[in-house]
Amino acid sequence: MKKAFRIFDTAIAWIEDIGCTALYAAIVCIVSVHVFFRYVLVSGLLWSDELVQILLVYMVMFGSARAIRTNGHTELNSFANRLPEKPRYLLRTLVALACVAFFALFFVGAVEHTMNAGRLRTVILRIPRAYCYLSMPIGAGLMLYEFVKTIKHRITHDPREDELVVECETPEEAAQ
């Protein structure tokens, strides 16, 4: 079971990493071509703005999930870290439950919003809006998965452990 979860988790990490990288590369290429057309050929590309906007939202959704995975989101733990152990666990548990509730509501709302897109299409590219809105439930689902996966560590992590590792001079001392 652990091996299957590890394979699944690796696949999710790969999807997040490749998704962010590929989307970013596509955005850079499209914007570069747009700038070339605009300033060298003096003829803009109408579709590029619309496509970059869609790709940017997808990249943000994948990137947000990746940031949760790598603990890259800003957390204001200075107050919680000063509390004794039990109140710190309680506060972190409440915050974690609030985050899970937010991600779950975001996921449900995003699915509903995507399903209600109906036959709407984008103005220039004529892409169904449901494909554009699909980034939200995908991103919300990935963020929920990543957060739930790390919730135990988020609640029980002792900040003093980090201070001990920083004060060590060698990797051998850090291992002890």
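Before any of the text, the structure's been laid out above.
Description of the structure in this document. This is a predicted model, so every value here is computed, not measured.

Notes on the side chain of R154
- Its location among the elements puts R154 in helix 7 (residues 151-156).
- Given the relative accessible area of 18%, R154 is considered buried.
- In terms of polar contacts, R154 uses its side chain to reach the side chain of T150, at 3.0 Å.

What to know about helix 1 (residues 2-39)
- Look at helix 1: 55 Å from first C-alpha to last across 38 residues, which is about the 56 Å you get at 1.5 Å a residue.
- Regarding helix 1, the residues found buried are D9, I12, A13, E16, G19, C20, L23, I27, I30 and H34.
- Of the surrounding secondary structure, the elements contacted by the buried residues of helix 1 are helix 2 (46-69) and helix 6 (135-149).

Quick word on the environment of A117
- Position of A117 among the secondary structure elements: in the loop between helix 4 (85-115) and helix 5 (129-133).
- Given a relative accessible area of 4%, A117 falls into the buried group.
- Sequence separation of A117 and A130 is 13 residues, and the distance between their C-alpha atoms is 5.4 Å.
- Not counting the four nearest positions on each side in its chain, A117 is found in contact with R129, A130 and Y133.

How each quantity is defined
- Residues numbered from 1 in each chain as written.
- Predicted model: local features only at pLDDT ≥ 70, side-chain atom pairs only at ≥ 80, totals over all residues.
- Heavy atoms only, no water.
- Helix = DSSP H or I, 4+ residues; strand = E, 2+ residues; numbered from the N terminus.
- Buried < 20%, exposed > 50% of the residue type's maximum accessible area, 1.4 Å probe, protein only.
- Polar contact = N/O pair within 3.5 Å; in protein donor to acceptor, adjacent residues only side chain to side chain.
- Expected span 1.5 Å × (residues − 1).
- Contact = heavy atoms within 4.5 Å.

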